[in-house]
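Observations on the model geometry
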Amino acid sequence: MAKDPDKLGIFVTTPQYMPHLMKIVEAAQRAGKKVMIFFTFKAVHLTKQPDFARLVKMVPEDDLAICADSYTCEGFDVELDIPGGMTPKQMRTQAFHGQVLEECGKYMVL
Amino acid sequence: MSLKIYFLIANRQYITDAIRSALGQSVENHYSHACVFYHKMPRVTEYVKENIEWIRDMEGDVFAVVDTMDEEAKKYNVEEVGLTPITLEELAQRLREADVIIGYGMPKQKHGPPPACAD
């Protein structure tokens, strides 16, 4: 798939920036842009923050995913503890990050 | 289209996972490279060794940035683990050709790891 110049990819690697992430997504959407977000490694702890459910509602199912292996490595149950509002198909592999790089015209790491 | 991707790893705790993430992009047919700054590698399991080999099989590499490491970390990472040594100057040249540069994880740790998480 060709890169979409109006799509911002966000690769989230650290558990520190939830408020920043929310503001960036809000600002992007207010500007009429789409976002695609992948959470990996320690960043999967952000799924336990109160704002996460709001984020899930803001981003279409196909554009938001978390690394299932990271989720398991960090001690969460990938089958019984799917973050609120998410579906099993959003528990993905690093291939989703590849998709972010291929589809998004803009890209940033948090 | 295959991208040239560089993962820059400044924090020891993130090294193993950043290498796994780099492998993920190798498997997606990108030229994926992991660059370890500062620290001695955490315990290198068969899993990590296989990941490094697989990245190399897919025409990527895992580098130790030797200018930013102390002698002990450099010796261990290059001679024992077999990471490819690279200087900051050489890495800077490569980054000019990169399509994507990913600063992976949190900044460098201020303190060495306590025994509880030392490996």
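Structure shown above.
As the structure is a computational prediction, the values presented were derived from the model and not from experiment.

1. Structural notes on helix H1 (residues 15-27) of chain B
Residue and element names in this part refer to chain B.
- Its 13 residues place the ends of H1 19 Å apart at the C-alpha level, agreeing with the 18 Å of an ideal helix rising 1.5 Å per residue.
- Within H1, 11 of the 13 residues are buried, leaving the element largely enclosed by the surrounding structure.
- Positive phi shows up at Asn-29, right after H1, with a value of about 70°.

2. Thoughts on the sheet that holds strand S1 (residues 4-9) of chain B
Residues and elements named next belong to chain B.
- Sheet architecture is open: five strands sit in the order S4-S3-S2-S1-S5, paired in parallel fashion. Lying at the two open borders of the sheet, with one neighbouring strand each, are strand S4 (84-86) and strand S5 (100-104). In this sheet, neighbouring strand axes are inclined to one another by 30° on average, regardless of whether the strands run parallel or antiparallel.
- When S1 meets strand S2 (residues 31-36), the two strands line up parallel, connected through six bridges. The residue bridging Phe-7 from the neighbouring strand is Ala-34, located in S2.
- Contacts between H1 and the sheet are confined to S1, S2, strand S3 (61-65) and S5, with S1 contributing the most and set at about 175° to the helix.

3. Examining the nonpolar core
- Of all hydrophobic cores here, the largest spans 36 residues; its most connected members are Ile19(B), Met41(B), Ile52(B), Leu83(B) and Tyr104(B).
- At five residues, H1(B) tops the list of elements feeding residues into this core.
- The residues contacting Met41(B), other than those within four sequence positions of it, are Ile15(B), Ile19(B), Val36(B), Val48(B), Ile52(B), Tyr76(B), Asn77(B), Val81(B) and Leu83(B).
- Within the second largest apolar cluster, 26 residues are counted, among which are Met22(A), Val25(A), Leu55(A) and Ile66(A).

4. Quick look at empty space enclosed by the protein
Residues and elements named next belong to chain A.
- Under the criterion given, the structure shown has one cavity of 30 Å³ or more.
- Looking at the largest cavity, its volume works out to about 40 Å³.
- Glu-61, Asp-62, Asp-63, Leu-64, Ala-65, Lys-89, Gln-90, Arg-92 and Phe-96 together form the lining of the largest cavity.
- Here the lining of the largest cavity is built from residues that sort into three nonpolar, one polar and five charged.

5. Some points on the sheet that holds strand S3 (residues 64-67) of chain A
Residues and elements named next belong to chain A.
- Pairing is parallel across the open sheet formed by five strands, whose spatial order is S4-S3-S2-S1-S5. With one partner strand each, in any of the chains shown, strand S4 (91-92) and strand S5 (104-109) form the two edges of the open sheet.
- As paired elements, strand S1 (residues 4-12) and S5 share five bridges and run parallel to each other. From the neighbouring strand, Phe-11 faces S5, where its bridge partner is Val-109.

6. Some points on the pairing of S5(B)
Residues and elements named next belong to chain B.
- The side-chain alternation of S5 yields one buried face, formed by Val-100, Ile-102 and Tyr-104, and one unburied face, formed by Ile-101 and Gly-103.
- Here S1 pairs with S5 via five bridges, running parallel. Within the sheet, the bridge partner assigned to Ile-5 lies in S5 and is Val-100.

7. Concerning the interface of chain A and chain B
- Chain A puts 20 residues into the contact, and the matching count from chain B is 18 residues.
- The junction of chain A with chain B conceals about 1,500 Å² of combined surface from both sides, 61% of it contributed by carbon and sulfur atoms.
- Area buried by chain A at its contact with chain B is led by Phe41(A), Gln94(A) and Leu101(A), which between them contribute 32% of it.
- Where chain A touches chain B, the interface holds eight residue pairs in polar contact (both at pLDDT 80 or more).
- Of all elements in the fold, only helix H3 (68-73), helix H4 (95-103) and S5 of chain A reach the threshold of two or more residues within the side of chain A that touches chain B.
- Ranked by residue count, the leading element in the side of chain A that touches chain B is H4(A), at five residues.
- Broken down by class, the residue content of the side of chain A that touches chain B amounts to eight nonpolar, eight polar and four charged.

8. Considering the packing of aromatic side chains
All names here are of chain A.
- Within the structure shown, the criterion is met by nine aromatic pairs over all chains.
- Both rings, one in Phe-38 and one in Phe-96, keep their centres 5.5 Å apart while their planes meet at 45°; by these two values the pair is tilted. With Phe-38 in strand S2 (residues 34-39) and Phe-96 in helix H4, this residue pair connects regions lying 58 residues apart in the sequence.
- Under the relative-accessibility criterion, Phe-96 is labelled buried at 1%.

Criteria and cut-off values
- Residues numbered from 1 in each chain as written.
- Chains lettered and ligands numbered in written order.
- Predicted model: local features only at pLDDT ≥ 70, side-chain atom pairs only at ≥ 80, totals over all residues.
- Heavy atoms only, no water.
- Helix = DSSP H or I, 4+ residues; strand = E, 2+ residues; numbered from the N terminus.
- Expected span 1.5 Å × (residues − 1).
- Buried < 20%, exposed > 50% of the residue type's maximum accessible area, 1.4 Å probe, protein only.
- Pairing = 2+ DSSP bridges.
- Axes fitted to C-alpha atoms, helices over the stretch in contact; angles between N-to-C directions.
- Contact = heavy atoms within 4.5 Å.
- Core = buried A, V, L, I, M, F, W, Y, C linked by side-chain atoms within 4.5 Å.
- 1 Å grid on protein atoms, 1.4 Å probe; cavity = no way out; pocket = protein on both sides within 12 Å on 5 of 7 lines; lining within 4 Å.
- Points joined across faces, edges and corners; volume = space filled by probe spheres on them.
- Nonpolar A, V, L, I, M, F, W, Y, C, P; charged D, E, K, R; others polar.
- Buried area = accessible area lost by both parts, 1.4 Å probe.
- Polar contact = N/O pair within 3.5 Å; in protein donor to acceptor, adjacent residues only side chain to side chain.
- Phe/Tyr/Trp six-rings, centres within 6.5 Å; stacked < 30°, edge-to-face > 60°.

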